[in-house]
Amino acid sequence: MHVPDGFIDAPVSIAAGAVAVAGVAVALRGARRELDDRTAPLAGLTAAFVFAAQMLNFPVASGTSGHLLGGTLAAILVGPYTGVLCVSVVLLMQGLLFADGGLTALGVNITNMALVTVLVGYGLFRLLLKVLPKTRASVAGASFAAAVVSVPAAAVAFTLIYAAGGTTDVSVGKVAAAMIGVHVLIGIGEALITAVTVSSVLAVRPDLVYGARDLIKPLELRTTAPQGADSGPAEPSRA
């Protein structure tokens, strides 16, 4: 899904860049409320995982490609604002170091793969948790469904941007069929990875899953002996 330089015309690229700048600015402010001493290291690990996942590209059409996105996973683990920043940093590094996505199209890529995936994926995740039982299985199921939807949603956003400012002679219909069709399949794979990852973190450190902090009861240490347990030698009676 990385858009190369020249694939979208200048006016639309500039408009998408403005949207991306505004989105990242809002995310920078919001991330202050999400990050602390525990979540900051996890944010770095999440960004590294997304970076590795996005390096696995599948060619689609006319210079575009499809791959795992990671926006929903990042948002669930470290929060939506921090998730936007994680994916945006990944896209910037890929463009600078590997020419994976054009620098003039960076705004388009951030809009599609950071803003849209997080807004759609995390929004659906929270909506599902409001109606599902408050269990770990529900969190995993909601993360699966959210990731499935977020990937083709980003493909739809790209198709709309292409319709507004595409510079190739490929019809919008062909681009839509290629992008959305492929990313529905990619979304299923991403959903499996997202659900497994979220479930694994929940199993060992549920307090680190930002999206489930208010749903999963933390582990508690017993401070009193259970009923019926031996409480020690009885004090001798006095006559």
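Structure shown above.
These notes cover the structure that comes with them.

Calculation notes
Residues numbered from 1 in each chain as written. Predicted model: local features only at pLDDT ≥ 70, side-chain atom pairs only at ≥ 80, totals over all residues. Heavy atoms only, no water. Axes fitted to C-alpha atoms, helices over the stretch in contact; angles between N-to-C directions. Helix = DSSP H or I, 4+ residues; strand = E, 2+ residues; numbered from the N terminus. Parallel < 35°, antiparallel > 145°, perpendicular 65-115°, else oblique. Left-handed = near helix turned anticlockwise from the far one by under 90°. Contact = heavy atoms within 4.5 Å. Buried < 20%, exposed > 50% of the residue type's maximum accessible area, 1.4 Å probe, protein only. 1 Å grid on protein atoms, 1.4 Å probe; cavity = no way out; pocket = protein on both sides within 12 Å on 5 of 7 lines; lining within 4 Å. Points joined across faces, edges and corners; volume = space filled by probe spheres on them. Nonpolar A, V, L, I, M, F, W, Y, C, P; charged D, E, K, R; others polar. Expected span 1.5 Å × (residues − 1). Bend = angle between axes of the 7 residues up to and from the residue.

Each packed pair of helices is defined by two parameters, the angle between the axes and the distance between the axes. At a closest axis distance of 7 Å, the pairing of helix H3 (residues 71-78) and helix H4 (residues 80-98) adopts a crossing angle of 135°. Taken together, H3 and H4 sit at an angle that is classed as oblique. In terms of crossing hand, the pair formed by H3 and H4 is right-handed. Here Gly71, Ala74, Ala75 and Val78 of H3 lie close against H4, whose contacting residues are Pro80, Thr82, Gly83, Cys86 and Val87.

Position of Thr82 relative to the elements: it lies in helix H4. On the accessibility criterion, Thr82 (3% relative accessible area) is buried. In contact with Thr82, not counting residues within four places along its chain, are Ala31, Glu34, Leu35 and Ala43.

Turning next to the layout of surface pockets. Approximately 170 Å³ is the volume attributed to the largest pocket. Lining the largest pocket we find Gly23, Val26, Ala27, Pro80, Tyr81, Val84, Leu115, Val118, Leu119, Tyr122 and Gly123. Elements represented by at least two residues in the lining of the largest pocket include exactly helix H1 (10-34), H4 and helix H5 (106-131). For the lining of the largest pocket, the element with the highest residue contribution is H5, accounting for five residues. Of the residues in the lining of the largest pocket, the class split is nine nonpolar, two polar and no charged.

Taken N-terminus to C-terminus, the directions of H3 and helix H7 (residues 172-204) make an angle of 15°; their axes are 9 Å apart at the nearest point. Here H3 lies roughly parallel to H7, going by the angle between them. As for the relative orientation of H3 and H7, their crossing is right-handed in sense. Here Gly71, Leu73, Ile76 and Leu77 of H3 come into contact with H7, specifically with Glu190, Thr194, Thr197, Val198 and Val201. Taken together, the residues that form the contact of H3 with H7 break down as five nonpolar, three polar and one charged.

We now examine H5. Taking 1.5 Å of rise per residue, 26 residues should cover 38 Å, and H5 covers 37 Å from first to last C-alpha, within 8% of that figure. The largest bend along H5 reaches roughly 30° and is located at Val116.

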